[in-house]
Structure formats: structure tokens, C-alpha cells
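# Geometric and topological summary
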Amino acid sequence: MRVESLSAVHFRNLSVPEFRPGEGVNIICGANGLGKTNLIEAIWLFTGCRSFRSARDKELIRIGEEKAELTMNFFAGGRRQDAALLLDEKRHFTLNGVNLPGGRQMMGEFACVAFTPLHLAIVKDGPEERRRFLDIAISQLRPLYAKTVLEYNRVLAQRNAALRAAKDNPAMRPLIELWEEPLAAKGAAIIEARMNYLERLNEKAAAIYDEISAGREQLTLGYRAYAREKTDANAAQIKEELLRAIGARREADLEHGSTGVGPHREEFSVRLSGVSARTYGSQGQQRSAALVLKLAEAALYAEVTGEEPVVLLDDVFSELDPARQQYVVKHFENRQVFITCCDEASVTRLADSVSVFHIEELRGIDHV
Ligand SMILES: Nc1ncnc2c1ncn2[C@@H]1O[C@H](COP(=O)(O)OP(=O)(O)OP(=O)(O)O)[C@@H](O)[C@H]1O
Ligand SMILES: [Mg+2]
């Protein structure tokens, strides 16, 4: 998979007439605040996922303008394709001339693995970040998974509303149970997909971490069920167990007004040589672990689909030692990768055949 050209109109501070990246390593360099991350974000949006900055769509439109437009030609599935994204109050995608109902229909058509300083949160922050990581990675591989997550969240909101209603009015209690079967069914599908994904990701990540740390440390990922016994079973068994666990917590849930068990509370652990990377890891170790998760995500995507995802690395080199920097660039040798940095020299010396772009030049004459 690769980007062949990208153009932008009124996208944040960018208007880019035409950016034609190379097929391998592309370095986007320039001073702070010129729009390097914005360019990476523009490419990312064609995955159909929300911005990794979790910005509201409106924030993507240049201040003072009503609309922004991105167009991209890319190569995927053995053919050239073109996509456009018009941002106004909403997001409007067009793929090969066809208007799509929403972003979800772009998933699986164009895939990226992005690593930015914000993604450090996967290792450093709370469980929500790890759930988000899994959900985005799995959705790009299996677009139907994104639909299941959406449906699960709807049913969860219904049960939570029933819990709150029943607190004041006991006659509403049967409504709570009504939502438990569908909640367990959708929840089990999510848990099974996450566990399968994590098992394969763990294998890849362990091997990559071994290389990047020259065998000094071992990385292990493990699925963590919360308020539920851990299962290693299929969706049908997980569903039975989840249904039991949800029923067992009904009184506590009534008290709290929310559902305390299910995939929305579960997560995974990231361990380095047996101890939590979140609690004990050094800054550099946490950074390496987050980066390795992303490298493993890209490797797994390629293994499952037979196609390399586009890799976006925003500002990643500032805290990696030269050996780890070298490893990253070599790792991506035969794929299209975009690396942003402020200091061009530090990156170009890492690879022989890189394409270097200066963000000021890409932006043409249309500066803010
Ligand atoms: N909606 C918007 N309208 C106009 N300008 C915007 C909008 N959103 C962001 N910007 C501008 O974009 C710039 C930030 O761009 P970006 O984050 O891509 O910079 P960068 O080149 O990655 O910088 P750094 O090296 O510091 O990471 C800021 O100057 C900001 O004011
Ligand atoms: Mg930036």
C-alpha cells in the first residue's frame, strides 16, 4: 500500500497543491509549528479512523474557513485508487468516485500504522489507551469489528440507562436483564477478537523487542480480564462466562448506575522482563515498548493481508539512541514510511535512499 499523491485545501494550516512522496522512506522536515504533524494527520484520516489527536472534525478546518478538502491517490489491492475527504460539519468520503456513507467504509481500503508522541500513552497511560490501540488495529484488519464495537457501545448505553432508571423505579428492573444477553454476545465477539489479535501481536512484538534491545530485555503482552475470570476459550464460552459475570454484578451495577464488567473495562499488560513497563519502565524503555507495539502492528497487518500498511512516524527519533533509530529505518526499508523531524541531517544519515521534503515547499505559496 502506498500514497502516490496528496493535496490539501484549508486543512488546518496547510494548503498543499500536490505532494508526491517516494515509495520508500520519506522525511518531512521543517521548524516547529509549520505543519509536519498536520500532513501526517491528513494521510491518517484516509484510514476512516478519527484523528489520532482525537480532535473534533471542526478543528481540522482552517480557522475562519467553512470547509477543508483532502484528496489522495493511493495504490492498494493491486490497483490505483483515488479518495477524497470533504470536511464541513461532518466528514464526507469519496472512494473511486463513489460517495461513502461514513468513515467506517474506508477501513480496510487504506491502512496506516501511526506512531506519534501521543501514542506513548499506550504504554504510559490508563487502560482506555490500550483498548483504543487494539480497537483501531483490529478494525483496520477486520472492518466488521468496528461495527461490533459500535453496536456493543449502543447496547451498553441502553443497559446503563436501564440501571439508572431502575434505581428510582424498581418496576424498570426487568429492562436491565433484557439488555444482558445482547451485551454478552457482542462483548464476547470483541473479547475473542482482542485475545486472538493480542496473541499474534505478542509473538511479533517479543521478537522485535528482542532485536531492538539486543536481547537485553523481553517484552510480553497479556490480555487482562477485569472482574471476570480469564478465559482462553472461543466466543461461545466467553459469552456464557460474561453473561454470568454481568448477572453476578447486577446489584453493584445498580448501585453505581453503570456496567462494571465487559470488554469496555478489560485491557492488556505490557511487561518488560516480567515487570510492568507502565510502572517500572524508564522513559526510553516505555518509548521503545510503544514503538515496538506499532512495528508489530505493521508486521501483523502485512502478514494477515499480504499488503504493507503505510507507516507514519511523527517526531519519533528525539528520544531513541542511534542504534534504535538505525533499527527503525532499516526495519521499514521496503515499505512506504513518512518520518517527520526538525533536524533533517539526523535522519538522512540513517538511510541511503530517502526522499527529503521541506514542509514550507510542500505548502506552496499559500501560507497562513
Ligand atoms: N484549524 C486550524 N487552522 C489554522 N491553523 C491551525 C489549525 N489547527 C492547527 N493549526 C496550526 O498548525 C500548526 C501546527 O502544525 P503541526 O502540529 O503540524 O506543526 P509541526 O510542524 O508538527 O510542529 P512541531 O515540530 O512543533 O511538532 C500550529 O501553528 C497551529 O496554529
Ligand atoms: Mg509535530
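As the structure is a computational prediction, the values presented were derived from the model and not from experiment. (Residues numbered from 1 in each chain as written. Chains lettered and ligands numbered in written order. Predicted model: local features only at pLDDT ≥ 70, side-chain atom pairs only at ≥ 80, totals over all residues.)

### Some points on the overall build of the protein chain
Helix and strand counts for the protein chain come out as 13 helices and 14 strands. Computed over the C-alpha atoms, the radius of gyration of the protein chain is 22 Å, within 12% of the 21 Å expected from 2.2 N^0.38 for a compact globule of 368 residues. In terms of principal-axis extent, the alpha carbons of the protein chain reach across some 65 × 50 × 35 Å. The buried share of the protein chain, reckoned over its 368 residues, is 42%. If you take every contact in the protein chain between residues at least 6 apart in sequence, the share linking residues at least 24 apart comes to 70%. (Helix = DSSP H or I, 4+ residues; strand = E, 2+ residues; numbered from the N terminus. Rg over C-alpha atoms; globule rule 2.2 N^0.38 Å. Buried ≥ 20, exposed ≤ 12 C-beta atoms within 10 Å, placed from the backbone. Contact = placed C-beta atoms within 7 Å.)

### Points about the nonpolar core
With 109 residues, the main nonpolar core has Ile43, Ala205, Ala289, Val292, Ala296 and Leu312 as its most contacted residues. Of the residues forming this core, the biggest block, 15 residues, is contributed by helix α6 (residues 180-212). A domain-level breakdown of this core finds at least three residues from each of domain 1 (1-111 + 307-368) and domain 2 (120-284). Setting aside anything within four residues of it in sequence, one finds Ala296 in contact with Leu201, Lys204, Ala205 and Ile208. (Core = buried A, V, L, I, M, F, W, Y, C linked by C-beta atoms within 7 Å. Domains from an automatic or database assignment.)

### Details of the domain arrangement of the protein chain
Split into domains, the protein chain comes out as domain 1 (1-111 + 307-368) and domain 2 (120-284). Put simply, the middle of domain 1 and the middle of domain 2, counted by C-alpha atoms, are 30 Å apart. Contacts between domain 1 and domain 2 engage 9 residues on the former and 10 residues on the latter. Classifying every residue of the side of domain 1 that touches domain 2 by side-chain character gives 4 nonpolar, 2 polar and 3 charged. (Nonpolar A, V, L, I, M, F, W, Y, C, P; charged D, E, K, R; others polar.)

### Structural notes on α6
Taking 1.5 Å as the rise per residue, α6 with 33 residues should run 48 Å; its terminal C-alpha atoms sit 45 Å apart, in good agreement. After α6 finishes, the residue Ala214 shows a positive phi value of roughly 50°. (Expected span 1.5 Å × (residues − 1).)

### A look at helix α10 (residues 283-305)
Between its first and last C-alpha, α10 extends 33 Å over 23 residues, near the 33 Å set by a 1.5 Å rise per residue. Residue Gly306 follows α10 closely and has a positive phi angle near 80°.

### Comments concerning the site of ligand 1
The environment of ligand 1 is made up of 17 residues, and the closest members are Asn13, Asn32, Lys36, Thr37 and Asn38. Classifying every residue of the shell around ligand 1 gives 5 nonpolar, 7 polar and 5 charged. (Near = placed C-beta within 6 Å.)

### A closer look at the sheet that holds strand β8 (residues 112-115)
Spatially, 5 strands are ordered β8-β12-β13-β3-β14 in an open sheet, and the strand pairing comes out parallel. Bordering the open sheet on either side are β8 and β14 (354-358), each of which pairs with just one other strand. Averaged over all pairs of adjacent strands, the angle between strand axes in this sheet comes to 15°, irrespective of strand direction. Both strand β12 (residues 310-314) and strand β13 (residues 337-341) contribute to a ladder of 4 bridges, which runs parallel. (Pairing = 2+ DSSP bridges. Axes fitted to C-alpha atoms, helices over the stretch in contact; angles between N-to-C directions.)

### What to know about the sheet that holds strand β7 (residues 98-99)
Reading across from one edge, β2-β1-β4-β5-β6-β7 is the order of the 6 strands in this open sheet, with antiparallel pairing throughout. Because the sheet does not close on itself, it has two edges, and the strands there are β2 (14-19) and β7. In terms of strand pairing, strand β4 (residues 68-76) meets strand β5 (residues 79-87) through 9 bridges, oriented antiparallel. Bridging from a neighbouring strand, Ala76 pairs with Arg79 of β5.

### Re the packing of helix α4 (residues 143-168) against α6
Two quantities define a packed helix pair, namely the angle between the axes and the distance from one axis to the other. Running from amino to carboxyl end, α4 crosses α6 at an angle of 145°, the nearest separation of the two axes being 9 Å. In the packing of α4 onto α6, the handedness of the crossing is left-handed. Judged by residue contacts, Tyr145, Thr148, Val149, Glu151, Tyr152, Val155, Leu156 and Arg159 of α4 engage Glu180, Pro182, Leu183, Lys186, Gly187, Ala189, Ile190 and Ala193 from α6. (Left-handed = near helix turned anticlockwise from the far one by under 90°.)

### So, the environment of Asp57
Along the polypeptide, Asp57 turns up in the loop between α1 (36-45) and β4. Excluding its chain neighbours within four sequence positions, the residues that come into contact with Asp57 are Leu87, Lys90 and Arg91.

### Thoughts on the pairing of β2
Summarising the sheet, strand β1 (residues 2-11) and β2 pair through 3 bridges and their orientation is antiparallel. Residue pairing across strands places Leu6 opposite Phe19, the latter belonging to β2.

### As for unusual backbone geometry
In this structure, Arg12 is a non-glycine residue whose phi angle is positive, near 45°. For Arg12, the position within the fold is in the loop between β1 and β2. On the basis of neighbour counts, which here come to 20 C-beta atoms within 10 Å, the residue Arg12 falls in the buried class. Residue Ala214 is not a glycine yet carries a positive backbone phi of 50°. Structurally, the position occupied by Ala214 is in the loop between α6 and β9 (219-224).

### Side note on the confidence of the model for the protein chain
Chain-level statistics for the protein chain give a pLDDT mean of 92 and a share of 99% at 70 or above. Taking the mean pLDDT of every element in the protein chain, the minimum, 74, falls on helix α12 (residues 344-348) and the maximum, 98, on β4. (pLDDT = per-residue confidence, 0-100.)

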